[in-house]
Structure formats: structure tokens, C-alpha cells
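# A look at the structure
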Amino acid sequence: MIQFLKDIDINEFDSFVASHPKGHFMQTSLWAKQKPQWISDGVVIRGEDGAIKAAAAVLVRKVPFTPWTLMYAGRAPVCDIHDKQMLKELTEGLKTLAKKYRSYVIKIDPDVAADDEEFKNTMLSLGYSLTGGGKNFEGIQPRFVFRLYLDGRNQDELLASFHTKTRYNIRLAQRKGVQVMLKGEESCDEFARIMMETGVRDGFVVRGADYFRAML
């Protein structure tokens, strides 16, 4: 059964996202609050038992000087990404929302391994197109995300697991006086300044200090 996010209990939706292996903070209601200039909605698929089985939260924004909108689903879908029927139902729901909001495009940035050909082929068969072949920030989200799983290892064990060159660079940084510290709102201005400098140099979109304060 297809439902829409505005028609269900948002706490139920957030609990589903939090408990699902493909859940991501960009699919939660908290992230929607970070984007007040966008309309938040989404698609929910329920199984025969009534429980949520799949979801895709979207943000919708009007395209300036046109009657159209852009629909964006960051890190969607939240489901078994190899369940073709589930992906088809989500897509049908998204198309319904696109008609409602007069969206000319539905853009998603899925959290899926780059070499997952099964998922890619399924999405292509459903009418999606793969855009961008870059490795950095050519899209809205970075093309590749690297995760370091701690697995209960201490600092020395983690260091030993790194490549020789990586260990050298870490130790060199320490000798040069680089320190890692946990900081809060008092550092937002400086963080935004560094992000702006880096974004201009490397060509990706950056935000102001107030945006990062809201995220905190």
C-alpha cells in the first residue's frame, strides 16, 4: 500500500528510518527542518502486515521564474535496494508526488555501492538515468563516501591497519603540531570560513555559518 509522508505519523516514519540498514539522517524529519525553504513530503510503502517496508522522503523547491519545481531525495531509497517490486512502487509514488508539486525532475542520491550493477540496472529499467561520472562533488552529495569501521579497535590497532603512507602522513601531521579537538557553536564562523576557502578552490557548494549553527 502506497501512502504519503504528510498523511502518516512522522514518529513512525523516523523510527523506521532509524532502524533500517539503509536509513540515513537526510531521510528524517529533522533534516527537513534544516531545509525550511523546501517543502517536505515523501512516499511510504506498507506491507500486508501494515508495517512500513520502504520509504523515500523528498524535498521540493520551486525553480525560479518558472511554474515548475525540483524534487530531491537525498540518500533515498530506504528499503531493500534489490527488491525490484518495492523500487517500482516507490517510483510510482514519487511520480504521483511529482504531478502534485509540478516537478520536472526527481533527483536521488542513493547510498549504494558504486559497483552495484543490479541496483543500477533496476533503476535504469524504471526510467531513471545515471548522471555524472565524477569522483568528487559533481552532484549534490559526494560521489564517494569512505567509512572507517572501528570494530572495537583501539588507536594503535587502527593505526596499524592503515597503509604505510597513511601512517607516515598522520605522524607527520602530529609532528607539525596538528591537533584534533571537539568544538561547538563557538567555532561555526571559523569552520564556515575554512569551508568557503576550500569550496572556492575545489568547486563545490558551501554554506554560511548560520547553516552550520542550525545543523548543530
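Structure's up top.
To start, this report covers the structure provided alongside it.

Rules and cut-offs
Residues numbered from 1 in each chain as written. Predicted model: local features only at pLDDT ≥ 70, side-chain atom pairs only at ≥ 80, totals over all residues. Heavy atoms only, no water. Pairing = 2+ DSSP bridges. Helix = DSSP H or I, 4+ residues; strand = E, 2+ residues; numbered from the N terminus. Axes fitted to C-alpha atoms, helices over the stretch in contact; angles between N-to-C directions. Contact = heavy atoms within 4.5 Å. Patch = residues over 30% accessible without salt bridge, like charges linked within 9 Å, V, L, I, M, F, W, Y side chains within 5 Å. Areas by Shrake-Rupley, 256 points an atom, 1.4 Å probe, with all protein chains shown as cover. Salt bridge = Lys/Arg side-chain N within 4 Å of Asp/Glu carboxyl O. Phe/Tyr/Trp six-rings, centres within 6.5 Å; stacked < 30°, edge-to-face > 60°. Buried < 20%, exposed > 50% of the residue type's maximum accessible area, 1.4 Å probe, protein only.

### With respect to the sheet that holds strand β3 (residues 52-62)
Spatially, five strands are ordered β1-β2-β3-β4-β5 in an open sheet, and the strand pairing comes out mixed. What marks the edges here is a single partner per strand, and that holds for β1 (2-4) and β5 (103-109). Here the average twist between neighbouring strands, direction ignored, is 25°. When β1 meets strand β2 (residues 39-46), the two strands line up antiparallel, connected through three bridges. Bridging across to β2, Ile 2 finds its partner in Ile 45. Lying over the sheet, helix α1 (residues 10-19) contacts β2 and β3, oriented at roughly 110° with respect to β3. Lying on the sheet, helix α3 (residues 84-101) is in contact with β1, β2, β3, β4 (69-74) and β5; it crosses β2 at an angle near 150°.

### Focus: a nonpolar patch on the surface
Taken together, the side chains of Trp 68, Tyr 104 and Val 105 make up a nonpolar region of the molecular surface, amounting to roughly 320 Å² of accessible area. If you trace the backbone, Trp 68 turns up in the loop between β3 and β4.

### Here we look at the packing of aromatic side chains
In total, this model carries three aromatic pairs according to the counting rule given. Ring plane angle 80° and centroid distance 5.4 Å describe the contact between Phe 25 and Trp 31, whose orientation is recorded as edge-to-face. By relative accessible area, Phe 25 is classed as partly exposed at 47%. Look at Trp 31 and you get buried, because its relative accessible area is 12%. On the numbers, 5.9 Å between centres and 90° between planes, the contact of Tyr 211 with Phe 212 is edge-to-face. Residue Tyr 211 is classed as buried on the basis of its relative accessible area, which comes to 17%.

### Points about the pattern of salt bridges
All chains considered together, the criterion is met by 12 salt bridges. Across the pair Glu 92 and Lys 95 runs a salt bridge, and its minimum N-O distance is 3.9 Å. Here Glu 92 pairs with Lys 95, and both are found in helix α3, just three residues apart, close to one helical turn. Classification of Glu 92 by relative accessible area gives partly exposed; the value is 38%. In this structure, the salt-bridge partner of Arg 193 is Glu 197, at a minimum N-O distance of 3.3 Å. On the criterion of helical spacing, the pair formed by Arg 193 and Glu 197 is a turn pair, its members being four residues apart in helix α7 (residues 188-202). Note on Glu 197: relative accessible area 49%, which makes it partly exposed. Taken together, the shared-partner salt bridges in this structure form one network comprising Glu 185, Asp 189, Asp 210 and Arg 213.

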